[in-house]
Amino acid sequence: MKTKKGKFTIQTTIVLMVLILLVVGYYCYLVNRSNRSAQEKVPTTVESVLLRDLEHYYPPTPKEVIRYYNDIIKCFYNENCSQEELEALALKARDLYDQELLDNNEWDTYIFNLEAEIQDFRKNNRKISNISLASSASVEEFTQDGYKFAKIRCGYDILQGRESSSSRQVYLLRKDGDGRWKIYGWDLEENLRENIQEN
């Protein structure tokens, strides 16, 4: 009788020790996993935009080009970028520009004007609250002087304090020799209407 009890006690002790070791091991695993997750930094909005590899994954359509350009614009005007981030974003924006637009906007002038616009935007307590991009079906494509062009409209809602205003831009894109849609220029929709009425 004593032997059976002794065997039962030893078996019970071994099983309990194994169970305790499993519980402690699982607890350590969970603690390490949560520490690792906390250490894995979630990229900021600016970092996410800058991570886009335009060399290998250039936006395939005019709409996607302007969508990515709008992501850059939101970073310019809504995020607190360091000087380094601002310049990196500006380079990304310029990667979307047509060569003619780049030729007419040298880097030094471009970055100076951009910084002045951003400062003015912040000084007046403005923020882009919403961007509405026309559907792909609304993109007007045409050929002129041997080049393929595309026009796409985009609306911007600007919040200044409690007041809201909106504007609509029309972007003109031109397909380059590599088949990539590049931003050729843009203007306010109302300016384009006035030009059409004058002509």
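Since we're looking at a predicted model, the values are computed, not measured. Starting from 1, residues in each chain are numbered consecutively following that chain's sequence as written. Reporting of local features is limited, given that this is a predicted model, to residues whose pLDDT is at least 70; pairs of side-chain atoms are given and counted only at 80 or more, and all residues count toward the totals for whole chains, interfaces and linings. Only hydrogens and water are removed before side-chain values are computed, so all heavy atoms of the structure are retained for them.

A short note on the packing of helix α4 (residues 83–95) against helix α6 (residues 107–123)
Helix-helix packing: each pair is described by the crossing angle between the helix axes and the interaxial distance. The condition that has to hold: Angles here are taken between N-to-C directions and fall from 0 to 180 degrees, while the axes themselves are lines fitted to C-alpha atoms, restricted in helices to the stretch in contact. Under the DSSP-based scheme used, a helix requires at least four consecutive residues in state H or I and a strand at least two consecutive residues in state E, with every element numbered from the N terminus. For classification, angles of less than 35 degrees are called roughly parallel, those exceeding 145 degrees roughly antiparallel, those between 65 and 115 degrees roughly perpendicular, and all remaining angles oblique. Left-handed describes a crossing in which the near helix is turned anticlockwise from the far one by less than a right angle; the clockwise case is right-handed. In what follows, a contact means two residues having at least one pair of non-hydrogen atoms within 4.5 Å.
α6 packs onto α4 with a crossing angle of 120° between their chain directions and a minimal axis gap of 11 Å. Relative to α6, α4 is oriented oblique. For the pair α4 and α6, the crossing hand works out as right-handed. Here α4 contributes Gln 83, Leu 86, Glu 87, Ala 90, Leu 91, Ala 93 and Arg 94 to the contact with α6, which in turn contributes Trp 107, Tyr 110, Ile 111, Leu 114, Glu 115 and Ile 118.

What about the confidence of the model for the protein?
Our working definition: The predictor attaches a confidence to each residue, called pLDDT, with possible values from 0 through 100.
The pLDDT averaged across the protein works out to 86; a share of 86% of its residues lies at or above 70. Ignoring residues within four places in sequence, the model shows residues 195–199, a span with pLDDT below 50, making zero contacts including any to other chains.

Re a nonpolar patch on the surface
Quick note on the threshold: Nonpolar side chains (Val, Leu, Ile, Met, Phe, Trp, Tyr) within 5 Å and like charges within 9 Å form the patches, drawn only from residues with over 30% relative accessible area and no salt bridge. Surface accessibility in these figures is a Shrake-Rupley result with a 1.4 Å probe; residues are shielded only by whichever protein chains are displayed. Each reported salt bridge corresponds to a side-chain nitrogen of Lys or Arg within 4 Å of a carboxyl oxygen of Asp or Glu. The rule is simple: take the accessible area with a 1.4 Å probe, protein chains only, and divide by the maximum for that residue type; under 20% is buried, over 50% is exposed, in between is partly exposed.
A cluster of nonpolar side chains, namely Val 15, Leu 19 and Leu 22, defines an oily patch on the protein surface of about 290 Å² accessible area. With respect to the element layout, Val 15 can be found in helix α1 (residues 2–39). With a relative accessible area of 48%, Val 15 lands in the partly exposed category.

Here we look at α6
Applied cut-off: Take the residue count of a helix, subtract one, and multiply by 1.5 Å to get its expected span. Each C-beta atom gives one direction from the helix axis, and the arc is the one those directions make.
Between the first and last C-alpha of α6 there are 24 Å, a value that for 17 residues agrees with the 24 Å anticipated at 1.5 Å per step. Within the span of α6, buried status applies to Tyr 110, Ile 111, Leu 114, Ile 118 and Phe 121. The buried side chains of α6 occupy one side of the element, clustering within an arc of 90° when seen end-on. α6 presents Asp 108, Phe 112, Gln 119 and Lys 123 as exposed residues on the side facing more than 90 degrees away from its buried surface.

Thoughts on the pattern of salt bridges
Overall, the coordinates contain seven salt bridges when judged by the stated rule. Across the pair Arg 174 and Glu 100 runs a salt bridge whose closest N-O atoms are separated by 3.3 Å. With Arg 174 in strand β4 (residues 163–175) and Glu 100 in helix α5 (residues 99–103), this residue pair connects regions lying 74 residues apart in the sequence. Given a relative accessible area of 9%, Arg 174 falls into the buried group. In this structure Glu 100 comes out as partly exposed when scored by relative accessible area, which is 37%. The shortest N-O distance in the salt bridge between Arg 153 and Glu 140 comes to 3.0 Å. Within this pair, whereas Arg 153 is found in strand β3 (residues 147–160), its partner Glu 140 is found in strand β2 (residues 140–144), the two being separated by 13 residues in sequence.

Things to note about the side chain of Glu 189
Rule in force here: We define a polar contact as two N or O atoms separated by no more than 3.5 Å, with the added condition that, inside protein, one atom must be a possible hydrogen donor and the other a possible acceptor, whereas residues neighbouring each other in sequence contribute only through side-chain atom pairs.
Note that Glu 189 resides in helix α7 (residues 189–198). A distance of 2.6 Å separates a polar atom in the side chain of Glu 189 from a polar atom in the side chain of Arg 153. Those residues in contact with Glu 189 that sit more than four places away from it in its chain are Arg 153, Arg 168, Gln 169 and Val 170.

Re the environment of Gly 177
Summarising the element assignment, Gly 177 is placed in the loop between β4 and β5 (181–188). Accessibility expressed as a relative area gives 83% for Gly 177, which makes it exposed. Residues Gly 177 and Tyr 147, spaced 30 residues apart in sequence, show a C-alpha to C-alpha distance of 9.5 Å.

Looking at the packing of aromatic side chains
Applied cut-off: Any two rings among Phe, Tyr and Trp, with Trp reduced to its six-membered ring, count as a pair given centres within 6.5 Å; such a pair is stacked if its planes are under 30 degrees apart, edge-to-face if over 60, and tilted if neither. Working rule: Lys NZ or Arg CZ, within 6 Å of ring centre, within 35 degrees of ring normal, means a charge sits over the ring.
Summed over all chains, the structure comprises twelve aromatic pairs. Ring-pair connections join several aromatic residues into one group, and the members of that group are Tyr 69, Tyr 97, Trp 107, Tyr 110, Tyr 171 and Trp 186. Arg 52 extends its terminal NZ or CZ atom over the ring of Tyr 68, reaching a point 5.0 Å from the ring centre.

Some remarks on a negative patch on the surface
Rules: The charge count includes Lys and Arg as positive and Asp and Glu as negative, but it does not include His or the ends of the chains. The location of each charge is read from NZ of Lys, CZ of Arg, CG of Asp or CD of Glu.
On the surface, Asp 53, Glu 55, Asp 95 and Asp 178 cluster together into a patch of negative charge. Of note, Asp 95 is situated in helix α4.

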